[in-house]
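Descriptive structure summary
Each chain, letter by letter, is given below.
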Amino acid sequence: MKIMVTLKRVVDYAVKIRVKSDKSGVETHNVKMSMNPFCEIALEEAVRIKEAGLASEVVAVSVGPQQCVDTLRTGLAMGADRGIHVEATGALYPLTIAKILKKLVELENPGLLILGKQAIDDDCNQTGQMVAGLLGWPQGTFASKVLLDKDKQEVTVDREVDGGLETLCLDLPAVITTDLRLNQPRYAALPNIIKAKSKVVKKFSPEDLKVEINSDLEILHVTEPPKRKAGVILSSVDELIDKLKNEARVI
């Protein structure tokens, strides 16, 4: 069985985000970029499934500018067998990515598609659900545990919901989106980084896949959140209770 995993290139989680001077978006020029943390978890889970002998190949996919190849090389160093880069510039929204992934799934025919539940740049949490809908595949979102049964051709997913844990049993092929508590991604060792340079990264364009890049969304302007007011040190619990009772709070 083949597993396909998506890897998104985002502004590194440790970088302080800056808004462009024209308020059109977030500044990415000369900013450190890295793999989306949720995508790291998705890749780690796919590699663990392969290492357990339940999958034959892990294919990493990234959509975006030429620099996404660096993200794919990191994924290859972490254990993916080969990469696919769909080169596209400009703004890419979840539905467009879902359409591209649908075409790649039709070409590659994987038994399992694993995505991070969301990307830390837009926090949309939509692509996995959209591609599952387009493919007509069952989906398990926010997975905190994944158990694959190759003989029965099904996967069991524990997912975190407001009331606790929900367990789903999905027939393969299926779509899974990963939560933080699923696993701890590995670091890429130097020998694997060197080996990754020789692994295959196949290139496509949206036109090759017959997917049109467009969106029904228009960003009017982007602003930074308001700065938090300075805290106040109180001398007693009674003073705290008085402030909570009598001062209006903005929620």
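In what follows, the structure referred to is the one given above.
Structural notes, computed from the coordinates. The residue numbers shown here count from 1 along each chain, following its written sequence. In view of the model being predicted, local features appear only for residues whose pLDDT reaches at least 70, and side-chain atom pairs are presented and counted only at 80 or more, with totals across whole chains, interfaces and linings using the full set of residues. Each side-chain value is derived from all of the structure's non-hydrogen atoms; neither hydrogens nor water enter the calculation.

Topic: the pattern of salt bridges
Note the following rule: Basic side-chain nitrogens of Lys or Arg form a salt bridge, by our definition, when they fall within 4 Å of a carboxyl oxygen of Asp or Glu. Strands are runs of DSSP state E lasting at least two residues, helices are runs of H or I lasting at least four, and both sets are numbered from the N terminus onward. Only protein chains enter the area calculation, which uses a 1.4 Å probe; residues under 20% of their type maximum are buried, those over 50% are exposed, and those in between are partly exposed.
Evaluated as defined, the whole model comprises 14 salt bridges. Two residues, Asp 121 and Lys 8, come together in a salt bridge whose shortest N-O distance is 3.1 Å. Residue Asp 121 is found in the loop between strand S6 (112–116) and helix H4 (127–135), and its partner Lys 8 is found in the loop between strand S1 (2–6) and strand S2 (9–11); the two are separated by 113 residues along the sequence. Taking relative accessible area as the criterion, Asp 121 reaches 42% and is therefore assigned partly exposed. Relative accessible area serves as the criterion here: at 27%, Lys 8 is assigned to the partly exposed category. Close ionic contact of Glu 87 with Lys 203 constitutes a salt bridge, the shortest N to O distance being 4.0 Å. One end of the pair, Glu 87, is in strand S5 (residues 82–87); the other, Lys 203, is in strand S11 (residues 201–204), with 116 residues separating them in the sequence. Lys 203 gets classed as partly exposed once you look at its relative accessible area, which sits at 42%.

A closer look at the side chain of Thr 6
For clarity, the cut-off: Two residues form a contact once any of their heavy atoms are found within 4.5 Å.
Looking at where Thr 6 falls in the secondary structure, it is placed in strand S1. In this structure, Thr 6 is in contact with Cys 39, Val 61, Leu 101, Leu 113, Ile 114, Leu 115 and Gly 116, ignoring residues within four places of it in sequence.

Thoughts on unusual backbone geometry
Cis geometry marks the peptide bond from Leu 172 to Pro 173; its omega dihedral reads 0°. Note on placement: Pro 173 falls in the loop between strand S9 (164–171) and strand S10 (174–178). Of note in the backbone geometry, Asp 123 takes a positive phi value of approximately 55° without being a glycine. Position of Asp 123 among the secondary structure elements: in the loop between S6 and H4. Overall, Asp 123 belongs to the partly exposed group, its relative accessible area being 46%. At Lys 210, a residue that is not glycine, the phi angle is positive and equals roughly 60°. Along the chain, the position of Lys 210 falls in the loop between S11 and helix H6 (237–246). We classify Lys 210 as exposed; its relative accessible area is 71%.

Description of the packing of helix H3 (residues 94–108) against H4
In plain terms, the rule: Comment: axis = line fitted to C-alpha atoms, over the contacting stretch for helices; angle = value between 0 and 180 degrees taken between N-to-C directions. Orientation labels follow simple angle bins: below 35 degrees gives roughly parallel, above 145 gives roughly antiparallel, 65 to 115 gives roughly perpendicular, and whatever is left gives oblique. Should the near helix be turned anticlockwise from the far one by less than a right angle, the crossing is left-handed, and should it be turned clockwise, the crossing is right-handed.
The interhelical angle for the contact between H3 and H4, taken along N-to-C directions, is 50°, at an axis separation of 8 Å. In terms of orientation, H3 and H4 fall into the oblique class. In this structure, H3 crosses over H4, and the sense of that crossing is right-handed. Along the contact surface, H3 presents Pro 94, Leu 95, Ile 97, Ala 98, Lys 99, Leu 101, Lys 102 and Val 105, while H4 presents Thr 127, Met 130, Val 131, Leu 134 and Leu 135.

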